[in-house]
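# Architecture and fold: a report
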Amino acid sequence: AEAGGTAYWETEEGRRPAPGLLSCLSSCGIAMALLGRLGALLQRAVATEEPDIDLLEAFTEHWKGLTHYYLETTDENKPAKQTDIPWHLKQMLDILVYEEKQQPSGETGPCLEYLLQHKTLETLSTLGKAEYPPGMRSQVLLFFSRLLGQMQCPLLHYLSVYRPVQKLLQLGPELENEMMQLVAVLCTKIRQEPALLPYVLEGKHKDRHVANGQSVDQPFQPQEATAELPDPVSEEMAPTEQGRRLGPGEIPCGGSCVELASPASSLVTSLISLCKSKKRKIAVKAQENLLLLTGIDHLTAALALARDSMLCPLVADHLCTLYDAIPVNIDPANLAMLQPVSWRLQGGSTEENSFLGQPELEAFFAWLDFCDCLVKGASPSVAHRVAESVAQRLFVGHLQPQLLQMSEHGILISTAILTGLVRQIRAPALLQELVIFLLGTGGETEVLEDPDPPLCSQLIKRCNHLSDEISIVTLKFFEELLRLPDSRILQNLVLHNLEERSYILRSPSGQEEHCSREQETYEDGLELEEDPYFIDGFPTVGFQASRKPAVPAPRQPLQPEKMDVKEVVSSFLCLVPSEAKTSTFLEEGGYDTYVHDASGTFWECHANTSDWNWPQASQPLESCIAGCHFYEGHFLQVLFDRLAQILDQPYGVNLQVTSVLSRLALFPHPHLHEYLLDPYLPLAPGCRNLFSVLIRVMSCLHRDKDRRKLLCLGRRGGWNA
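Residues numbered from 1 in each chain as written. Predicted model: local features only at pLDDT ≥ 70, side-chain atom pairs only at ≥ 80, totals over all residues. Heavy atoms only, no water.

### A word on the overall build of the protein
We apply this condition: To qualify as a helix, a DSSP run of H or I must reach at least 4 residues; to qualify as a strand, a run of E must reach at least 2; elements of each kind are numbered from the N terminus. Between buried and exposed lies partly exposed: a residue is buried under 20% and exposed over 50% of the maximum accessible area for its type, with that area taken using a 1.4 Å probe on protein chains only. Surface exposure here means Shrake-Rupley accessible area, sampled with a 1.4 Å probe, where a residue is shielded only by the protein chains that are shown.
Regarding its fold elements, the protein presents 29 helices and 4 strands. With 721 residues in all, the protein has 47% of them scored as buried. Of the roughly 36,500 Å² of accessible surface on the protein, 54% is carried by carbon and sulfur atoms.

Okay, here's the thing in structure tokens:
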């Protein structure tokens with residue numbers, strides 16, 4: 001290179017100027033452009049020579065390749081995974097999905113037409129049922145699941161689709177994962193398009209019989225899930241008949257008499273069987289899909305599930321089976337310690353902290369919780385039928401005989417389980433059946449001679465049983481029963497006896513008697529100076545008089561809205577002398593704690609009763625029937641009898657009696673408030689209320705010095721220990 005920067009080539013002829021760098025690059029770009037054009041021309045030439053792929057031909061070739069395996073194979077024990085069958089099935093599925101994307105919306109491609117018309121799915125279901133080669137059933141189930149899941153057009157309308165599907169569902173849940181995939185796809189498709197369910201359920205709630213070309217409706221008779229579906233007349237039927245859709249009232253045959261069995265039982269039975277799986281993921285997924293299926297808001301689909309399927313008996317029978325599996329030698333005390341069980345979270349107990357029978361109890365209450373969720377979320381027709389089935393099969397068929405037995409241990413277990421049922425059931429339809437089972441349907445005023453319904457009468461009597469354990473567990477049951485958001489419970493147990501207000505002493509003119517309580521004659525014949533109602537009458541050697549003001553003389557009964565709450569509370573507090581009160585010695589606050597807990601319970605009762613349409617004021621006496629004899633009812637009679645024996649009973653019994661009475665007093669009904677909480681109420685002869693019973697208790701305490709000593713010991717901490 002010279003100083004000027006020009007490059008030269010040394011040649012034999014001498015030096016020549018070398019070409020510039022830009023010139024070289026330009027030459028290379030031209031060459032590359034020429035090569036690109038040449039490649040494009042070659043690709044066009046190849047494209048013009050290569051014909052379009054025939055999807056139908058490829059589809060049929062894969063189908064023939066699959067069927068030829070059965071003609072050419074010599075090893076019958078070779079697993080299906082080691083053959084070309086899975087590859088052929090995958091290619092067929094890919095072709096169907098690709099063809100659907102290429103077709104205009106609503107049109108059926110030739111490959112899908114071939115699948116529907118040539119019994120392809122029917123043949124696959126038969127091969128899967130035969131399990132030949134080994135593992136073929138799994139391959140067929142996966143193919144059906146992917147086909148129904150990936151295809152956008154609805155296929156369950158076709159006879160040549162839902163019949164093979166039903167045959168596969170009848171194979172049983174041995175292959176749980178594959179069967180769960182198929183069932184989940186079916187439930188999802190039916191949920192998206194509820195009109196599919198009547199087709200799966202044969203389109204009618206009745207079987208159609210055809211004879212001589214005329215259709216006749218016959219009552220539907222559900223078949224067992226294991227029954228073989230009658231094979232359609234596929235051999236004689238033309239391909240177009242196999243592939244076409246059925247009308248809502250149509251049947252797929254036309255000459256001979258063919259009875260169509262409803263496949264509803266097979267779909268529901270498959271779901272119930274999968275719900276029983278030992279694998280929690282499979283069981284939970286099956287339960288979720290069953291809830292999905294029963295929650296369809298479609299009248300025809302709901303009626304088909306309620307009437308034409310085995311849903312209701314299968315759900316109730318599994319609950320009964322789990323109930324029967326609970327050991328008879330279980331400790332009743334452990335039932336009260338059992339934590340609430342959710343069907344989604346069942347199986348959380350470990351061997352270290354579990355007790356005898358805990359897994360069986362958790363399984364039973366988990367399925368009960370699932371039934372409650374199913375009834376709560378299902379359509380009204382399905383919910384009603386499931387609730388009826390549970391009531392007949394579990395409540396009446398299994399639980400009632402256990403509740404009415406004579407064995408004390410059996411009574412304790414069955415009553416504790418019943419308490420668990422009351423605590424867990426919240427679905428309105430199931431709750432209604434439970435209340436009818438326990439209390440009956442009547443709400444008439446009771447009389448002393450008339451017995452209650454047998455079960456209710458027995459349960460009420462057991463609140464005053466010779467066995468304190470039975471009394472406590474029964475009182476706990478009634479306490480839980482009063483928590484239920486159902487007005488019929490309180491109406492049947494208490495309110496129907498208070499409607500006429502015949503517990504009030506009336507003058508001949510029909511008005512209340514304004515006499516004071518000093519003029520009343522008590523049933524036990526106490527003299528007034530011995531009655532602790534008058535605190536001034538206590539001797540100085542015994543309890544000292546309470547510093548709270550003495551209770552004033554009775555007056556006309558007050559309406560609840562006019563009742564002074566502080567005055568009422570003060571009247572009840574005055575019943576107990578200061579020396580007999582132990583609340584001030586409790587570390588947790590005593591009286592204040594009780595008031596705080598009562599406030600929470602009151603608002604709970606208020607929320608439950610807000611829509612019960614209770615009256616705001618008591619019924620006027622002028623509109624009540626005069627002269628009728630008052631009977632407090634079996635339930636209040638037992639509670640008052642127990643309260644009258646409070647000085648002679650164990651602490652556990654007294655705690656449950658006062659707990660039930662406290663809950664009754666919190667219900668915002670004017671008659672109940674008047675009868676239980678009005679200390680000035682003039683009672684009719686032979687009547688008693690909560691205040692009068694407590695007066696008699698304090699009178700007995702006043703006369704018995706030994707009991708006073710026990711109370712003093714309790715005040716010093718004996719009860720706390």
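### Considering the packing of aromatic side chains
The condition is simple: The aromatic pairing rule takes the rings of Phe, Tyr and Trp, using the six-membered ring of Trp, and pairs them if the centres are within 6.5 Å, calling planes under 30 degrees apart stacked, those over 60 edge-to-face and the rest tilted.
Applying the stated criterion across every chain, the model contains 19 aromatic pairs. Centre to centre, the rings of F59 and Y114 are 6.0 Å apart; their planes meet at 80°, and the pair counts as edge-to-face. Of the two residues, F59 is situated in helix α2 (residues 55-72) and Y114 in helix α4 (residues 110-117); the sequence distance between them amounts to 55 residues. With centroids separated by 5.0 Å and ring planes inclined at 40°, the aromatic side chains of F478 and F635 adopt a geometry described as tilted. Highlighted residues: F478 in helix α21 (residues 468-481) and F635 in helix α25 (residues 634-644), separated in sequence by 157 residues. For the pair shown, F478 and F635 are each scored as buried. Members of the aromatic cluster, each reached through a chain of ring pairs, are Y503, F630, F640 and Y675.

### Some remarks on the confidence of the model for the protein
The predicted structure's coordinates, where accompanied by low pLDDT, should not be read in detail. Quick note on the threshold: Here pLDDT means the predictor's own confidence in every residue, given as a number from 0 to 100. Here, residues are in contact when the closest pair of their heavy atoms is within 4.5 Å.
Averaged over the protein, the pLDDT score is 78; the fraction of residues at 70 or greater is 69%. Between residues 46-51, whose pLDDT stays under 50, and residues either more than four places distant or in other chains, the model counts 0 contacts. In this model residues 510-554 is a low-confidence stretch, pLDDT under 50, and it forms 87 contacts with partners more than four residues away in sequence or in other chains.

### Thoughts on helix α3 (residues 85-102)
For clarity, the threshold we go by: A helix is expected to reach a length of 1.5 Å times the quantity of its residues less one.
Taking 1.5 Å per residue, 18 residues should reach 26 Å; α3 reaches 26 Å between its end C-alpha atoms and fits that length. Burial in α3 covers these residues: I85, H88, L89, M92, L93, I95, L96, V97 and E99. Buried positions along α3 lie against α2, α4, α5 (120-130) and α6 (136-150).

### A look at the packing of α25 against helix α28 (residues 690-703)
Formally: Here the axes come from fitting lines to C-alpha atoms, over the contacting stretch only for helices, and the angles between their N-to-C directions go from 0 to 180 degrees. Angular relationships are summarised with four words: roughly parallel below 35 degrees, roughly antiparallel beyond 145, roughly perpendicular across 65 to 115, and oblique for the angles in between. Less than a right angle of anticlockwise turn of the near helix away from the far helix marks a crossing as left-handed, whereas a clockwise turn marks it as right-handed. Basically, the charged four are Asp, Glu, Lys and Arg, the nonpolar ten are Ala, Val, Leu, Ile, Met, Phe, Trp, Tyr, Cys and Pro, and anything else, Gly included, counts as polar.
It is at 9 Å that the axes of α25 and α28 come closest, and there the two elements cross at 25°. Here α25 is positioned roughly parallel relative to α28, judged by the angle of their axes. With respect to the hand of their crossing, α25 and α28 are arranged in right-handed fashion. Contact residues: F640, L643 and A644 in α25; L690, V693, L694 and V697 in α28. By residue class, the composition of the contact of α25 with α28 is 7 nonpolar, no polar and no charged.

### Focus: the side chain of T474
Filter applied, for reference: Whenever two N or O atoms come within 3.5 Å, that pair is a polar contact, provided that in protein one can donate a hydrogen and the other can accept it, and provided that, for residues adjacent in sequence, both atoms are side-chain atoms.
Of note, T474 is situated in helix α21. Within the structure, T474 has its side chain in polar contact with the backbone oxygen of I470 (distance 2.7 Å). In this structure T474 touches T415, L459, R462 and C463, once residues within four positions along its chain are discounted.

### Observations concerning the pattern of salt bridges
Inclusion rule: Any Lys or Arg side-chain nitrogen located within 4 Å of an Asp or Glu carboxyl oxygen qualifies as a salt bridge.
Here the structure, examined in full by the defined rule, presents 15 salt bridges. One salt bridge connects D486 with R488, and the closest N-O pair in it is separated by 2.6 Å.

### Considering the side chain of S160
Note that S160 resides in helix α7 (residues 159-169). On the basis of relative accessible area, S160 is assigned to the buried category, the value being 6%.

### Some words on unusual backbone geometry
Going from Y132 to P133, the amide bond is cis rather than trans, its omega being -5°. Inspection of the secondary structure puts P133 in the loop between α5 and α6. Phi is positive for K119, close to 55°, though the residue is something other than glycine. Relative to the helices and strands, K119 is located in the loop between α4 and α5. Residues other than glycine seldom take positive phi values, yet N613 does so here, at roughly 55°. Looking at where N613 falls in the secondary structure, it is placed in the loop between α24 (591-609) and α25.

### Let's talk about the nonpolar core
The criterion, for reference: Among buried residues, the Ala, Val, Leu, Ile, Met, Phe, Trp, Tyr and Cys ones that are joined through side-chain atoms within 4.5 Å form a nonpolar core.
Residues L124, F364, L438, L493 and L664 are the most contacted members of the largest nonpolar core, which totals 175 residues. Looking at this core element by element, the count peaks at 11 residues for helix α16 (residues 358-377). Leave out the neighbours within four places in its chain, and F364 touches L319, L322, Y323, I326, L394, I417 and L421.

### Observations regarding helix α18 (residues 408-424)
Look at α18: 24 Å from first C-alpha to last across 17 residues, which is about the 24 Å you get at 1.5 Å a residue. Among the 17 residues that make up α18, 14 are buried, leaving the element largely enclosed by the rest of the structure.

### Points about the packing of α2 against α3
In contact at an axis separation of 9 Å, α2 and α3 are set at 160° when each is read in the N-to-C sense. As judged from the angle between their axes, α2 and α3 are roughly antiparallel. The crossing of α2 and α3 is left-handed. Side by side, α2 and α3 meet where L55, A58, F59, H62, W63, G65, L66, Y69 and Y70 of the first sit next to I85, W87, H88, L89, Q91, M92, I95, L96, Y98 and E99 of the second. Residue composition of the contact of α2 with α3, by class: 14 nonpolar, 4 polar and 1 charged.

### Considering the environment of L368
With respect to the secondary-structure elements, L368 resides in helix α16. For L368, a relative accessible area of 0% corresponds to the buried category. For the pair formed by L368 and Q424, sequence separation is 56 residues and the distance between their alpha carbons is 7.9 Å. Setting aside chain neighbours within four positions, we find L368 in contact with L319, L421, Q424 and I425.

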